[in-house]
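Letter by letter, the chains look like this.
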Amino acid sequence: MTAPLLTDGMRHRIAAVPDAFHIRRLELLRDLPGNRCGVEIRRFSDTVFATVAAALPEVGWMQHVGGLAPGDEALVPKIAAWYHGLGLRPRFEIAPAPDSEPLAAALTDARARQTGFLDTLWARTAPPTGEAPNGVDVRVVTPRSEEAALFARVHLGGHEVSDDGFTEHWAAIGLWPSEPEWWCYLASVAGESVGSAALAVDDGIGYFANASTLPSGRRRGCQQALIHRRLHDAAAAGCELTVSLATPGTSSHRNLERAGLVVACTNVFWTVVD
């Protein structure tokens, strides 16, 4: 696989798909009866959004701000004030861009500090080359089935979410297989479901989202098999591009690179720390 030229327009296009996935997954959680996780989603402009889960202040990815770019400096204190009023600390995800010094200064003034990095990887979509790892069976989860609940358990278990956490997490993720243009997968080894992943198709892009493996199933080829299957299905769906996110230096990042994806850009997390 190869990657096209990364123009500003293309960068915005490939960023929009993970952002839309993030917002939709929180909408599914918010719309459960009672909204016990306290999810709110607010737009500060056509491109800038913020999400919160007030009942889960320690979960940084839920207190998330996306879409900020140079020129949005005036929005930073407004966003920070909104989170402060909720008693939460936001995490801003900032893409690389020219003339970003004023935005960095605004984030610093809001008492945000750089706390991490996230790579966007991409390629032109093509069927996978080579064979999937032996001994791993990958199947698509049927919506509104017992396997949808199993998918949720494997997904959260792979992220080591405690069983005594909010049960709404399981219910919301069990709805993912029913979402239009989302495909959810389970990977099994020796008949045991130990890995999960999702593929979301949007704007001609196949987004490889939220891969997860139970501790008992790691280092057995599950994630490579799930990538292999999603490459096949993204190509069959007519996707022009394949996109995923991964923390630099992780096994997830290495698996995506082995499959032919390359780094498009590295985003920086800025978190209000005090």
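Here, every reference points to the structure presented above.
Everything numeric here is computed off the predicted structure, so don't read it as measured data.

Q: Quick one: what's the story with the sheet that holds strand E5 (residues 112-124), residue by residue and with numbers?
A: If you walk across this open sheet you meet the 11 strands as E1-E2-E3-E4-E11-E5-E10-E9-E8-E7-E6, and the pairing is mixed. Looking at the sheet topology across the chains shown, the edges are occupied by strand E1 (39-43) and strand E6 (136-140). Across the sheet, the mean angle from the axis of one strand to that of its neighbour is 25 degrees, orientation sign disregarded. Note: strand E9 (residues 205-213) against strand E10 (residues 241-246), 4 bridges, orientation parallel. Note that in E10 the partner of Tyr 207 across the bridge is Val 243. In this fold helix H4 (residues 146-158) packs onto E6, strand E7 (182-189), strand E8 (192-202) and E9, with an angle of close to 100 degrees to the strand it touches most, E8. Strand contacts of helix H7 (residues 251-258): E5, E9, E10 and strand E11 (262-272), with the helix running at about 160 degrees to E10, the strand carrying the most contacts.

Q: Provide a residue-level description of the pattern of salt bridges, including the pertinent values.
A: What the rule picks out here adds up to 10 salt bridges. The closest approach of N and O atoms between Arg 11 and Asp 8, which form a salt bridge, is 2.8 Å. In this pair, Arg 11 and Asp 8 both sit in helix H1 (residues 8-30), 3 residues apart, roughly one turn of the helix. Residue class for Arg 11 comes out buried when judged on its relative accessible area of 19%. Within the structure, one salt-bridge network assembled from shared partners comprises Arg 13, Asp 203 and Glu 240.

Rules behind the numbers
Residues numbered from 1 in each chain as written. Predicted model: local features only at pLDDT ≥ 70, side-chain atom pairs only at ≥ 80, totals over all residues. Heavy atoms only, no water. Pairing = 2+ DSSP bridges. Helix = DSSP H or I, 4+ residues; strand = E, 2+ residues; numbered from the N terminus. Axes fitted to C-alpha atoms, helices over the stretch in contact; angles between N-to-C directions. Contact = heavy atoms within 4.5 Å. Salt bridge = Lys/Arg side-chain N within 4 Å of Asp/Glu carboxyl O. Buried < 20%, exposed > 50% of the residue type's maximum accessible area, 1.4 Å probe, protein only.

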